[in-house]
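Fold and contact review
The primary structure of each chain is shown beneath.
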Amino acid sequence: MIETITLYVILIAVCTSLAYLAQKTERFEYVAYAIIAYSILFSMRYGVGVDHLDYLHTYLLPPESTDRENLEIGFLAFMRGCQYINLHFTIFFGIIAFTQLYLIFRAIKDYRSIYTHLMTTFLVGCVWLSFSNGMRQILAFALFTYAITLIDKKKPIWHYICLIAACLIHKSAIILLPLYPLLIFRRIWFSNIKTQLILFGLAVSISILSINLLELFSTIISKGAELLGYDYYTQNMKNKLLYDENITIGLGFLINATIDFIIIFFSNKVKDEYKKTWMPVAYNLYFFGALISYAFIKSQLVRRINCYFYGLDFIIGAFTLAYLYKEKKLFYFIILGLYIIKFIAVMSKMEQNTALFRFFWNYM
């Protein structure tokens with residue numbers, strides 16, 4: 001346990017230092033070095049989660065195996081290409097880890113003041129847990145994040161090229177296709193802070209009261225999930241996907257809810273500070289995703305689909321941290337402290353949440 005924490009603390013120190021150096025020298029390659037360090041370390045992990053072990057098992061199968069039929073053609077082609085040139089599975093995972101995070105940072109390349117804060121929310125906020133496990137959908141999410149920048153630049157062709165690539169990696173990305181005209185038509189959907197906080201409060205109340213909003217729509221949702229590529233889960237984990245009684249509301253819930261509350265409370269000021277960036281556009285999706293996340297907190301299926309929206313939380317959090325550091329130091333240290341507490345909480349349960357770092361050579 002101590003070894004794992006030490007390893008992560010060293011990684012955080014190295015990556016945030018490189019991000020800060022990139023921020024000060026205006027040289028993006030230092031960010032790339034940080035991402036490489038992260039990718040090398042995480043490519044050597046074992047037992048990251050069920051999905052990760054499934055990908056490992058699939059990668060080690062002979063090329064002629066038919067057990068890959070549930071993979072989209074884009075991801076399958078990449079996997080087979082790596083196998084064809086006999087790449088070790090750690091390199092395969094390393095390339096995916098690098099591409100995921102590189103696309104995220106590429107989206108904020110022009111906004112140097114965000115570099116260090118984004119590396120902080122990603123690493124200290126333990127976002128990497130989902131990046132390592134659900135790597136195929138997260139890769140599609142990373143492509144979508146970059147595609148959001150193309151909405152703001154009014155480049156529809158390149159935006160849809162990114163989305164098509166995302167669909168070829170995980171078909172659930174098809175739900176993102178209608179967003180371009182909606183976000184071009186109206187750049188800011190949510191501007192009234194009081195209304196946002198009321199809606200957020202209602203969503204949080206629903207989660208605390210354990211109201212199952214999916215019960216009446218379980219059949220429709222299951223059918224829709226199958227179309228989005230979650231048929232394996234609906235066939236094998238239907239009840240848990242729709243409503244998981246084992247999910248508890250504890251410290252992690254309170255930390256996340258407080259962070260989201262602060263982000264929403266200062267959102268107009270942050271959007272005004274970064275009005276020339278794509279942050280205001282991304283905030284629309286984040287806020288929508290936050291409401292869905294809390295209202296349907298006990299549905300694993302909704303959480304997976306909602307990844308494209310609420311998954312932006314650590315990016316919006318980075319923009320918020322940058323603003324608070326400049327204008328509201330007290331709230332900056334409050335939200336940074338919450339991220340640190342979240343990191344400690346995750347580390348304290350590393351056996352259950354797969355944060356425990358295990359090198360693959362000890363288990364293979």
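Residues numbered from 1 in each chain as written. Predicted model: local features only at pLDDT ≥ 70, side-chain atom pairs only at ≥ 80, totals over all residues. Heavy atoms only, no water.

To continue, consider the overall build of the protein. When helices and strands are tallied, the protein shows 22 helices and 0 strands. Taken across its 364 residues, the protein has 54% of its residues classed as buried. Within the protein, counting contacts between residues at least 6 apart in sequence, those at least 24 apart form 76% of the total. (Helix = DSSP H or I, 4+ residues; strand = E, 2+ residues; numbered from the N terminus. Buried < 20%, exposed > 50% of the residue type's maximum accessible area, 1.4 Å probe, protein only. Contact = heavy atoms within 4.5 Å.)

The next point concerns the packing of helix α20 (residues 313–327) against helix α21 (residues 329–348). Between α20 and α21, the shortest axis-to-axis distance is 6 Å and the interhelical angle comes to 140°. Once α20 is placed against α21, the crossing between them reads as left-handed. Only K329, F331, Y332, I335, L336 and Y339 of α21 make contact with α20, whose side of the interface consists of G317, L321, L324, Y325 and E327. Of the residues that constitute the contact of α20 with α21, the class distribution is 8 nonpolar, 1 polar and 2 charged. (Axes fitted to C-alpha atoms, helices over the stretch in contact; angles between N-to-C directions. Left-handed = near helix turned anticlockwise from the far one by under 90°. Nonpolar A, V, L, I, M, F, W, Y, C, P; charged D, E, K, R; others polar.)

Core analysis: the largest hydrophobic core is formed by 126 residues, its most contacted members being Y38, W128 and Y286. Discounting chain neighbours no more than four positions away, the residues touching Y286 are D260, I263, I264, F309, Y310, L312, D313 and I316. (Core = buried A, V, L, I, M, F, W, Y, C linked by side-chain atoms within 4.5 Å.)

Here we come to the side chain of Q83. Among the structural elements, Q83 can be located in helix α4 (residues 73–84). Overall, the relative accessible area of 12% leaves Q83 in the buried class. Here the side chain of Q83 touches Y59 through a polar contact of 2.6 Å, landing on its backbone oxygen. Engagement of the side chain of Q83 in a polar contact is seen with the backbone oxygen of L61, the distance being 3.2 Å. (Polar contact = N/O pair within 3.5 Å; in protein donor to acceptor, adjacent residues only side chain to side chain.)

Among the secondary structure elements, I249 is positioned in the loop between α14 (238–242) and α15 (251–265). Sequence separation between I249 and S207 is 42 residues; the distance between their C-alpha atoms is 8.2 Å. In this structure I249 touches S207 and I208, once residues within four positions along its chain are discounted.

Tracing the backbone shows F141 in helix α8 (residues 135–152). Accessibility expressed as a relative area gives 1% for F141, which makes it buried. Taking C-alpha positions, F141 is 7.4 Å from A166, a pair spaced 25 residues apart along the chain. Other than its neighbours up to four places away in sequence, F141 contacts I104, F131, C307, Y308, G311, L312 and F314.

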